[in-house]
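# A structural walkthrough
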Amino acid sequence: NAGVTQTPKFRILKIGQSMTLQCTQDMNHNYMYWYRQDPGMGLKLIYYSVGAGITDKGEVPNGYNVSRSTTEDFPLRLELAAPSQTSVYFCASSYTGPQRGTEAFFGQGTRLTVV
Amino acid sequence: KNQVEQSPQSLIILEGKNCTLQCNYTVSPFSNLRWYKQDTGRGPVSLTIMTFSENTKSNGRYTATLDADTKQSSLHITASQLSDSASYICVVVRTDSWGKFQFGAGTQVVVTP
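Throughout what follows, the structure given in this document is the object of discussion. Computed from a prediction, not measured in an experiment: that's the story for all the values here.

## Side note on the pattern of salt bridges
All names here are of chain B. By the definition in use, this model includes five salt bridges over all chains. Between Lys-37 and Asp-39 there is a salt bridge, with the nearest N and O atoms lying 3.9 Å from each other. Classification of Asp-39 as partly exposed rests on a relative accessible area of 31%. Here Arg-61 ties to Asp-84 by a salt bridge, and the two come within 2.8 Å at their closest N and O atoms. Separated by 23 residues along the polypeptide, Arg-61 in the loop between strand E6 (56-59) and strand E7 (62-67) and Asp-84 in the loop between strand E8 (72-77) and strand E9 (86-94) bring together distant segments of the chain. For Asp-84, a relative accessible area of 1% translates into the label buried.

Listed below in structure tokens is the structure:
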């Protein structure tokens, strides 16, 4: 079982460059999430999606964009990378919303450095 | 102010010993509380999920407790092993949460031989 797969695992970007972090899940989950994790801090929600074609902002959406054209894929786009976006990014998925007590599964993370 | 506070920030324990991690939260209205284990360089992995009516839940050598009245939870690790070295993250979910987990900063546990 692949679960939640993120690519790439590591990336170094120059200031002003753009990139897309890929996330795919094979569990037919409706909910998908993007988080960033900074040292010593809890994970912060960037964007989430409750199904194909539906996305919404989280706590820290500025500088990011998402799309959800299929159930499986939830790419995160960084436009005009800034040093403040240096972080570890995690994609997660769950069958229903977290308030229903369902399991959430996380990918392995993408470590991004902006220089 | 973070609505989920964990203590201690870090601890070192000898292999075979027990330890207890604490989580205090102010998140309301409460739906459920989760404990995750995050190994270095990996994504978080679920240990337990507890709803309002559950006081204790175990997963192998991990036992979580919940006191919804005082808004406190603990994670007890019994007979620690080297593989228990990781960050343990407390996560609280609101009943009106459509996608939002409230994460604590985690407790870093190091188990030494």
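And the narrative resumes.
## Focus: the interface of chain A and chain B
Contacts between the two partners involve 21 residues from chain A, matched on the other side by 23 residues from chain B. Contact with chain B buries surface across chain A, with A:Pro98, A:Gln99 and A:Phe106 losing the most and accounting together for 29% of the total. Where chain A meets chain B, there are zero salt bridges. Taken together, the connections running from chain A to chain B amount to seven residue pairs in polar contact (both at pLDDT 80 or more). Split by residue class, the side of chain A that touches chain B holds 12 nonpolar, eight polar and one charged.

## Considerations on the nonpolar core
Counting residues in each nonpolar core, the largest one holds 25 residues, and the members touching the most others are B:Leu21, B:Tyr25, B:Leu33, B:Trp35, B:Leu75, B:Tyr88 and B:Val92. Broken down by secondary-structure element, the contributors of at least two residues to this core are strand E2 (10-14), strand E3 (19-25), strand E4 (30-38), strand E5 (45-51), E7, E8, E9 and strand E11 (107-112) of chain B. Among all residues touching B:Val92, those that are not within four sequence positions of it are B:Val4, B:Tyr25, B:Val27, B:Phe30, B:Asn32, B:Leu33, B:Phe101 and B:Gln102. Counting 19 residues, the second largest nonpolar core, distinct from the first, contains A:Ile46, A:Val66, A:Phe74 and A:Cys91.

Criteria and thresholds
Residues numbered from 1 in each chain as written. Chains lettered and ligands numbered in written order. Predicted model: local features only at pLDDT ≥ 70, side-chain atom pairs only at ≥ 80, totals over all residues. Heavy atoms only, no water. Salt bridge = Lys/Arg side-chain N within 4 Å of Asp/Glu carboxyl O. Buried < 20%, exposed > 50% of the residue type's maximum accessible area, 1.4 Å probe, protein only. Helix = DSSP H or I, 4+ residues; strand = E, 2+ residues; numbered from the N terminus. Contact = heavy atoms within 4.5 Å. Buried area = accessible area lost by both parts, 1.4 Å probe. Polar contact = N/O pair within 3.5 Å; in protein donor to acceptor, adjacent residues only side chain to side chain. Nonpolar A, V, L, I, M, F, W, Y, C, P; charged D, E, K, R; others polar. Core = buried A, V, L, I, M, F, W, Y, C linked by side-chain atoms within 4.5 Å.

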